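The lines below spell out each chain.
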Amino acid sequence: MSHEFHVPLIIRGEIIANATIVHGGRRGGASFRAPDLAEHIGKLTLRTPSHMADLYTISFEDILDYLVALGQRLDFESNQHVQEAFRLSCITSGLSESILRFHYSHLGGMFDRAEMRAMMERSCGVDYLEGWVDQGPSRFTGLSARTRAFGARTIHVIAGNAPIVSILTVIRNALTRSDAVIKLPSNDPLTAVALVRTMVEMAPDHPITKHISVAYWKGGDQAIEEAIYDPRGVEKIVAWGGFDSVKHITQYLQPGIDLITQDPKMSGTIIGKEAFADDATLQSVAKRLALDVGAQNQEGCVSARVIYVESGTDEDGVERANRLGELTFAALQHLPLHLSTPHKAFDQALKSEIDAVRLQDEEYRVFGGRGNEGALIVSQEDYPVDFSRDLACRVGNIVPIDSFETAVRSVNAYTQTIGIFPESLKERLRDRLAFQGAQRLVSLGGAATMQHNMEKQDAIEPVRRMVKWVTEESADGSMLEGLAG
């Protein structure tokens, strides 16, 4: 069945709906029309920085008022723009309808006033967003300094694997008083549009509305991108996405443009021997592991893929790992439908790999993987499958080990989240894992919660980096004159 959606271009409150160019969506069966960006490219970026002054006529509390009101208007039952974004995502996303319905039904919850304030206090400090903050005494008599955080003109190349990326982008842009151009992803071109259209309908002349734009263009369009990635109109780029996407953007970097990357990551698990203390403990560990593998259908960077287990590698140890695999696969099949389902577009290349290792029963034991239900592959030696980087669609690989050294050495700069059991093991290993490159350590089962991740990601603070830290210094005139001799 063929589907076609219209994706408008929105530039600072102006909705341009003349969609003349057809773009193919992902996963087949979906396409959308969008305006010809080349006809409007001259007004997309903000070439006059002083036009951001209107953002400084409103207070931080005014911005919170605006965002809270926006969240209230994103009600799934009444907002037609949100409903349309949901319908398109059901076709293009790797997430099932039940998971997407849960996400789109809770968009407004992300606009919690207390949480947004806390995020900005932790990352920038509200005082720095509201005015010039004295930096205290200097070691040089007569010198003083004040610092303020200013918003920047930023291109956001966002990912489309979950609606939260669009929401975070809108919230972060508003709270930092920045000017955003959001490049829409082809696998979710309407969620950010739904948010910004609602902003236009709610407060068309508000400074926050006037400093956000959304546009779709096909990545690699050199004429478009050379016009956009120009330091006369852009100071920062926030880039999400795969390796090739981020690598592509780097060709446009030059002095005057700062790149903040949310690049591709892999996540995993380390489970200690305490998991095998008794059957009840093992059952509990299996349920928590199923969460880390299966939540959001393993579409996120946070999802566990390779699971190192201190079961031992002798015959009894491998059998313990096999038992964990069996229980985890069973738990995977019973996850709530708003968290995880059989994958609607199971990777057929991965399916072929699973079928192949199933025949190597001396090296691997496979639980599931007959259809799209997901699978747990248990290595019978202490090494993962050679296609571990391609694990997806709720497929994990349990690896029995004798020593944590194997697991620790597998961690590198591409490792984002590691779920660990028990807590005492997390505390023992956290410094070493951080040295290796790990960026987020969580209790087993907590990989997808992201309760403390609004302003921190991939071991950086993107919100803090989104602003410009400007310093104003004063010096005693006679002291300066004295320096001249």
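Definitions and cut-offs
Residues numbered from 1 in each chain as written. Predicted model: local features only at pLDDT ≥ 70, side-chain atom pairs only at ≥ 80, totals over all residues. Heavy atoms only, no water. Phe/Tyr/Trp six-rings, centres within 6.5 Å; stacked < 30°, edge-to-face > 60°. Helix = DSSP H or I, 4+ residues; strand = E, 2+ residues; numbered from the N terminus. Buried < 20%, exposed > 50% of the residue type's maximum accessible area, 1.4 Å probe, protein only. Lys NZ or Arg CZ within 6 Å of the ring centre and 35° of its normal. Contact = heavy atoms within 4.5 Å. Arc of directions from axis to C-beta. Polar contact = N/O pair within 3.5 Å; in protein donor to acceptor, adjacent residues only side chain to side chain. Core = buried A, V, L, I, M, F, W, Y, C linked by side-chain atoms within 4.5 Å. Pairing = 2+ DSSP bridges.

**Some points on the packing of aromatic side chains**
Scanning the entire structure with this criterion turns up 7 aromatic pairs. On the numbers, 5.9 Å between centres and 70 degrees between planes, the contact of Phe-86 with Tyr-104 is edge-to-face. In this pair, Phe-86 is assigned in helix α2 (residues 80-92) and Tyr-104 in helix α3 (residues 97-105), connecting sequence segments 18 residues apart. In this structure, Phe-86 and Tyr-104 share a single accessibility class: buried. Directly above the ring of Trp-217 sits Lys-183, whose terminal nitrogen or CZ lies 5.2 Å from the centroid. One cation-aromatic arrangement involves Arg-389 over Tyr-414; the distance from NZ or CZ to the ring centre is 6.0 Å.

**A few points about the environment of Gly-445**
Of note, Gly-445 is situated in the loop between β19 (440-443) and α16 (462-466). Note on Gly-445: relative accessible area 18%, which makes it buried. Taking the C-alpha atoms as reference, Gly-445 lies 42 Å from Gly-256; in sequence the two are 189 residues apart. Those residues within four positions of Gly-445 in sequence are excluded, and the remaining contacts are Arg-288, Leu-291 and Asp-292.

**Quick notes on helix α13 (residues 348-358)**
Residues of α13 that are buried include every one of Leu-350, Lys-351, Ile-354, Val-357 and Arg-358, and no others. End-on view of α13: buried residues confined to an arc of 130 degrees, all on one side of the axis. Facing away from the buried surface of α13 by more than 90 degrees, the exposed residues are Gln-348 and Ala-349. Turning to α13, the residues buried within the fold contact β15 (364-368), β16 (375-379) and β17 (395-400). Measuring from the backbone nitrogen of Ala-349 back to the side-chain oxygen at the start of α13 gives 2.9 Å, which picks out Asp-347 as the cap.

**Structural notes on the nonpolar core**
Membership of the largest hydrophobic core comes to 70 residues, with the highest contact counts inside it found for Leu-67, Met-120 and Leu-175. Residue contributions to this core peak at 8 residues, all from helix α7 (residues 191-202). With residues up to four places along the chain from it excluded, the contact list for Leu-67 reads Phe-111, Met-116, Ile-171, Ala-174 and Leu-175. The next biggest cluster of nonpolar side chains, apart from the first, holds 29 residues, and it includes Ala-392, Val-399, Val-408 and Val-411.

**Brief notes about the pairing of strand β5 (residues 30-34)**
Burial within β5 is extensive, with 4 of its 5 residues counted as buried. Pairing between strand β4 (residues 21-24) and β5: 4 bridges, direction antiparallel. When the sheet's bridge partners are listed, Ile-21 is paired in β5 with Ala-34.

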